There are 2 protein chains.
Amino acid sequence: MKISNDLYLRASRGEKIERYPVWLMRQAGRILPEYRAVRASVSGFKELAETPELAAEVTVQPVDILGVDAAIIFSDILVVPDAMGLPYQMIEKKGPWFEHTIHSESDLKRLDIKIDVAERLSYVLEAISITKRELNGRVPLIGFAGAPWTILCYMVEGSGSKTFSETRKLLYTNPKLAHELLQRITDVTIIYLKAQLKHGADALQLFDSWAGILGHKQYQEFGMKYIQQIVNAIEGPFTVFSKGAYSALPALMDLACTTIGLDWNMNIEHARSLAGEKKTLQGNLDPCVLYGSESAIEKETLQLLHSFKSQRHIVNLGHGVYPDIKPENVKAFIKTVKNYEI
Amino acid sequence: MKISNDLYLRASRGEKIERYPVWLMRQAGRILPEYRAVRASVSGFKELAETPELAAEVTVQPVDILGVDAAIIFSDILVVPDAMGLPYQMIEKKGPWFEHTIHSESDLKRLDIKIDVAERLSYVLEAISITKRELNGRVPLIGFAGAPWTILCYMVEGSGSKTFSETRKLLYTNPKLAHELLQRITDVTIIYLKAQLKHGADALQLFDSWAGILGHKQYQEFGMKYIQQIVNAIEGPFTVFSKGAYSALPALMDLACTTIGLDWNMNIEHARSLAGEKKTLQGNLDPCVLYGSESAIEKETLQLLHSFKSQRHIVNLGHGVYPDIKPENVKAFIKTVKNYEI
């Protein structure tokens, strides 16, 4: 199906654009009262994510309400360990929690092998199909997965953590186990992302939320190595977002993907000097800017736009939008980008 | 009093040393069974920190037991907001918690003004005096405080946070209030640090634990500006440890302090290239290395030592030692440093 607003896709590929495309990480979520109404009709986050009609409904909401240039499927990166046999719960105000975690070779036996990825994650794939139908070619749909290192963090730690020291401990005490698990996650992720494309996703993004807690060498060995495998296996617009991986930026620019996501602390001019015209950069307004007044939002957004030295940009925040941001403020951000002449 | 092992002080000043000095952030703490025994004799962390004899006892323990080249007074960075009129509790397994927080000008009225800093923090100063007596010149004693930005984070947020988005929100919505509070924290901190020196501290360290959550410009405005005031007001060996402040490294090297602390993700050769011979660098072994075998610890520690291109180094971890690390493993780290010939 032809996509009428394909700015996001053209910017990804480095083609000519009339203006910069804009969307927000976590745009399908608690910022919208319309989302909260759907969310209140089910038992919890997981039921919402696992009900394709509802996941599709909240995925389309920000396209209708905020006017973003891309939709991103409503789901979670933890569906992958879940599919591998390590189920998670999403605990209100606390975040994800796994009853079982992986610390030893014997824990690996908890995981199912030779799983039918498309069958186990059929609820996401079906949500993608429904969303594509409902979008009806208005804007592209982005699919996503967590990067293997970040998924490993949750499978070892069992929940969020400030330091993920259990997982980092494993890298020193049993690197073989870490690599075996990372490879299994990678294999499943590649099948999963290809299935997302097959079901209609127009582009993909890999989230490495905990990239920043590893030093340079360790991130090369336990992070980038697997990201590279995934990127090499996938065609089309693909964004890698390694949050906090400042020292990995030069290596990220050599990946065979179209786009690099930048967090709000990354210097966009420095990133451009590393990327040249090889990569599209996505980001990176500080999400806290959206707490300000509309005029302050306009000012900070214009400052970001003025800093661009290339057309290869997709405008976004440098992190997911915070749930207590007012939709009017998000709209002020989007309006400023849309009115900006390249 | 003459200090017999003054390696730490000489390394701080860039004087000649026979070997690199070594100590660990959080060395006075849960890693030692001897600490846990003292801790079990009181109601909680706060009682321990507020009882000078006991605080002195656990401060000296790692000198006796681990053989570190410096002691650091057992205390907490949150004694400063506490003294300012915003009391905290330390909740087991959860961390610090403030009943009241600062979000508006009217909240500022909760704070006491014109406080007698030395009187309110007399328990820390007395612990320093007792520790100096008990150390009897064996090794230097380090005093410390939190950097104003990190203290602001707790006074606004009221507890730990992954994003400290409430505090970052304040920087956009009410920068005037943020600056007023930062200035008040700075003024108290300068008086407090000077009092620590007067009571016998031989050196000081400023901990900016949440430096890494601000972008470059914001850290200059809300972080470095106040660190600079503090550093300029203090004489003698002084370490500034701005965790995660990668883009601030060049500016940190221009501060009028002797030493810059590096977290475990910072590249020590890059930091040296920025510092030249102007600064001593402190750090930065990944604390998770200490989960490994003794031979792995030796190997990683030697790799760190080999990377030094100057004598101006104080060896430490790149973060506080994790509480479940075995004392034997800490000893293997210390032994490797002590046996290393410059």
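1. Here's the deal with the relation of the copies chain A and chain B
Between the two copies, chain A and chain B, the superposition gives an RMSD of 0.0 Å; the rotation angle is 180° and the shift along the axis is 0.0 Å. Both chain copies can therefore be described as sitting about a two-fold axis. Looking at the rotation axis and the C-alpha trace of chain A, the residue lying nearest is Lys162(A), at 3.5 Å.

2. Section: the sheet that holds strand S4 (residues 141–146) of chain B
Strand order across the open sheet formed by seven strands is S1-S4-S5-S6-S7-S8-S9 (chain B), with parallel pairing between neighbours. Across the chains shown, the open sheet's two edge strands, defined by having one partner strand only, are strand S1 (71–72) and strand S9 (313–317) of chain B.

3. Examining helix H15 (residues 294–306) of chain B
All names here are of chain B. Between its first and last C-alpha atoms H15 spans 18 Å; for 13 residues at 1.5 Å apiece the expected length is 18 Å, and the two agree. Considered for burial, the residues of H15 that qualify are Ile297, Thr301 and Leu304. Buried residues in H15, looked at end-on, bunch into an arc of 55°, giving them a common side. Exposed side chains of H15 directed beyond 90 degrees from the buried face belong to Ser295, Gln303 and His306. Buried residues belonging to H15 abut strand S8 (280–285) and helix H16 (327–339).

4. Side note on the pairing of strand S6 (residues 238–242) of chain B
Residue and element names in this part refer to chain B. With five of five residues buried, S6 is to be regarded as a mostly interior element. By the alternation rule, side chains of S6 split into Phe238, Val240 and Ser242 and Thr239 and Phe241, which are all buried. The β-α-β motif built from strand S5 (residues 203–208), the intervening helix H12 (residues 216–233) and the parallel element S6 has right-handed crossover chirality. The pairing of S6 with strand S7 (residues 259–261) spans three bridges and is parallel. Bridging across to S7, Val240 finds its partner in Ile260.

Here is what the cut-offs are and how they apply
- Residues numbered from 1 in each chain as written.
- Chains lettered and ligands numbered in written order.
- Predicted model: local features only at pLDDT ≥ 70, side-chain atom pairs only at ≥ 80, totals over all residues.
- Least-squares fit on C-alpha atoms with pLDDT ≥ 70 in both.
- Pairing = 2+ DSSP bridges.
- Helix = DSSP H or I, 4+ residues; strand = E, 2+ residues; numbered from the N terminus.
- Expected span 1.5 Å × (residues − 1).
- Buried ≥ 20, exposed ≤ 12 C-beta atoms within 10 Å, placed from the backbone.
- Arc of directions from axis to C-beta.
- Contact = placed C-beta atoms within 7 Å.
- Right-handed = clockwise from strand over helix to strand, strands pointing away.

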